[in-house]
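Each chain, written out:
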Amino acid sequence: EPVESLTGIGTVLMLEGEPVRVRPVLRRIEPTADSAEPAILISFEESPEGMAAATDTESAHAAETRRLREELAGTQDHLAALLKALETSNEELQSLNEEAQASSEEIKSSNEELQASNEELTTLNEELRHKSLELTQANTTLGNIQNSIQAGLVLVDRDGRITRFNALAVRIFGLLDADLGRDVRRVPCHLPLPDLGELVGWVVGHGDPLTRLLAHNTISYALQISPYRGEDRACRGAILTFMAVTELRESEERLQRVINAAPMPMAVHAVDGEMFLINQAWQTISGYSEAELPTIAAWTERAYGSRAPQVRANIDRLYTLRERIAEGEFTITTRHGEQRVWDFSSAPVGLASDGRRLVLSMAMDVTERKRAYEDLQEAQRLAGLGRWSWNLVTGQHVWAEELYAIYGRDPNLPPATYPDIQSYFSPDSWQRLQAVIETALQDGLAYECDAEVIRPDGGTNKLNTRFGLYRWHVMDPIRFKQDLRGTMQALGWRMTREGKPRYLALQDDFASTAF
């Protein structure tokens, strides 16, 4: 404790026959320059008041006891204070221990989080390594692809700086590996391209491709500048491709000669409406010269008149084709005013040398065939000839309109199927007819039989049925495994007294032929 001195409990000593009361005294001695710690001086001193009380030992002891009790009480109070301070310190220490434990748990949790982060980082590093390998492989593949295409390729950024090029591009530009990052306008070029920078800037600014034909010595090149877009579809630069088109132009010329010599009308037209090529058959049949049909608009106005806008709309859809389609029949007007029917079909034929999409349209003049068909229809109507067909696989029947009239059936109803046909004949007639039909289908033998038709009004008609099959030069006949077609004609006949048939004028009797 920071006190200067303490006085201990006194006692009575006999010195030279005289009682003397002595007590110990402790004094602090401050440290000197040579000593870093303080010292304690213990001395035994005579109590000044002890001489008078020495003769009364009991009184001295009583006084000493009181003093000791007082000191004990003070000591107890001091110890109580120390215990209270110790309890407070213990509480503080316990609080510190709890805080330390909480900090330890936080450190443990932080360590676990750090370990998880390390594991995630390890996984990310592994993924990054795989991505780096994939990127390396992709770059290698891209390099192989760009060097394998049969065209010079140069990739530039928005500012026209070269970022990639392949080996064939060296023929067009004097490129070296050191030219990567260099402005393409500052690289020597063997083709006449003084405005190359402006062309690249136009493509980057508008986002549309651009094509130009160029020549160097005896070689023709097609330059195409296309926008290079990033994942966000924003234009990040341009791709320049240089393709030698000398052989392509020769191939186009050969194709033009073939198309021009074709016996059917053929025309090649571009997406912008230009008639790229019209062959001789087209000009001969339509009567219009190539000079009179420079565009699709000119052709539709001359050939279709008021229907031209609708036809042009159909033609515009052809430029998105990916395969050949049949467009159907269209009636055109020739230069001489004649109406002819053309059956059109079209197919995409790629790009022209200047980059335009091309479509080949072919037509078959079916005017005479349609006229012959119409004449046949009229002849069948006048002759009472009804056509029919029977699909042996699906069982589908198709009847011509005249056949309904022959059978006396409602033409709004569907054709009768093979089992339903049985109800059209008398039982004996159906049995004979079914037998010869099965024989014909199985053996390929022609048949002829008489049959009696029962009409819806209850009347009956005699029917003479004939059936035959085509034969090749070999013995096996052509079998009707899928389709059976035929005609039925009302000839009219009667039996003579001798029992022989005699044909009369057209009546309600029938003859049927399958072929």
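Up top is the structure.
What you are looking at is a predicted structure, and each value in this text was computed from that prediction instead of being measured.

What exactly am I supposed to notice about the overall build of the chain here?
Each helix and strand counted, the chain has 12 helices and 22 strands in total. Out of the 515 residues in the chain, the part that is buried amounts to 31%. Taking all contacts inside the chain whose residues are at least 6 apart in sequence as the whole, residues at least 24 apart take part in 40%. Of the accessible surface of the chain, which amounts to about 33,400 Å², a share of 53% is contributed by carbon and sulfur atoms.

Please clarify how the sheet that holds strand β10 (residues 266-270) should be interpreted in this entry.
Backbone hydrogen bonds are what pair the strands of a sheet, in a parallel or an antiparallel way. Spatially, β11-β10-β14-β13-β12 is the arrangement adopted by the 5 strands of the open sheet, whose pairing is antiparallel. Looking along the sheet, the strands with just one partner apiece sit at the ends: β11 (275-278) and β12 (325-333). Strand after strand, the sheet turns through a mean of 25° between neighbouring axes, direction not considered. Taken together, the 5 bridges between β10 and strand β14 (residues 357-365) define a ladder with antiparallel strand orientation. Directly across from A267, in β14, lies its bridge partner S361.

Sorry, what's going on with the side chain of S286 here?
Relative to the elements of secondary structure, S286 occurs in helix α6 (residues 280-286). Overall, S286 belongs to the buried group, its relative accessible area being 0%. From its side chain, S286 meets the backbone nitrogen of Y288 in a polar contact 3.3 Å long. Every residue in contact with S286, bar those within four places of it in the chain, is listed here: W299, T334, R335 and W342.

Teacher, can you tell me more about the sheet that holds strand β6 (residues 162-165) here?
The 5 strands are arranged β6-β5-β9-β8-β7 in an open sheet whose pairing can be described as antiparallel. What marks the edges here is a single partner per strand, and that holds for β6 and β7 (210-216). Strand-to-strand twist in this sheet, taken as the mean axis angle between neighbours without regard to direction, amounts to 20°. Inspection of the sheet shows strand β8 (residues 219-229) paired to strand β9 (residues 235-244) by 9 bridges, in the antiparallel sense. Residue pairing for β9: R229 is matched across the bridge by C235.

I'm lost on the pattern of salt bridges in this one. Help?
One side chain can pair with another of opposite charge once the charged atoms of both are near each other. Applying the stated criterion across every chain yields a total of 19 salt bridges. A salt bridge links E71 to R67, with the shortest nitrogen-to-oxygen separation between them at 2.1 Å. With E71 and R67 both in helix α2 (residues 57-148) and 4 residues apart, this pair spans about one turn of that helix. Salt-bridge contacts for R340 lead to E338; the nearest nitrogen and oxygen are separated by 2.6 Å.

Before we go on, may I ask you to explain the packing of helix α7 (residues 296-304) against helix α8 (residues 308-316) in this structure?
A pair of packed helices is characterised by two quantities: the angle between their axes and the separation of those axes. Where α7 contacts α8, the two axes come as close as 9 Å, and the packing angle between them is 135°. By the angle between their directions, the pair α7 and α8 is classed as oblique. When the axes of α7 and α8 are compared, the crossing they make is right-handed. When α7 is examined against α8, the residues I296, A297, T300, E301 and Y304 are found in contact with a partner set consisting of A308, V311, R312 and I315. When the residues that make up the contact of α7 with α8 are grouped by side-chain class, the tally is 6 nonpolar, 1 polar and 2 charged.

Can you walk me through the pairing of strand β2 (residues 11-15) in this structure?
The two faces of the sheet receive side chains in turn, since in a regular strand these alternate between them. In this sheet, strand β3 (residues 18-29) lies alongside β2 in antiparallel orientation, the contact comprising 5 bridges. Looking at the pairing, L15 lines up with E18 of β3. Hairpin connection of β2 to β3: 2 residues between the antiparallel strands, including E16 at a positive phi of 55°.

Conventions and cut-offs
Residues numbered from 1 in each chain as written. Predicted model: local features only at pLDDT ≥ 70, side-chain atom pairs only at ≥ 80, totals over all residues. Heavy atoms only, no water. Helix = DSSP H or I, 4+ residues; strand = E, 2+ residues; numbered from the N terminus. Buried < 20%, exposed > 50% of the residue type's maximum accessible area, 1.4 Å probe, protein only. Contact = heavy atoms within 4.5 Å. Areas by Shrake-Rupley, 256 points an atom, 1.4 Å probe, with all protein chains shown as cover. Pairing = 2+ DSSP bridges. Axes fitted to C-alpha atoms, helices over the stretch in contact; angles between N-to-C directions. Polar contact = N/O pair within 3.5 Å; in protein donor to acceptor, adjacent residues only side chain to side chain. Salt bridge = Lys/Arg side-chain N within 4 Å of Asp/Glu carboxyl O. Parallel < 35°, antiparallel > 145°, perpendicular 65-115°, else oblique. Left-handed = near helix turned anticlockwise from the far one by under 90°. Nonpolar A, V, L, I, M, F, W, Y, C, P; charged D, E, K, R; others polar.

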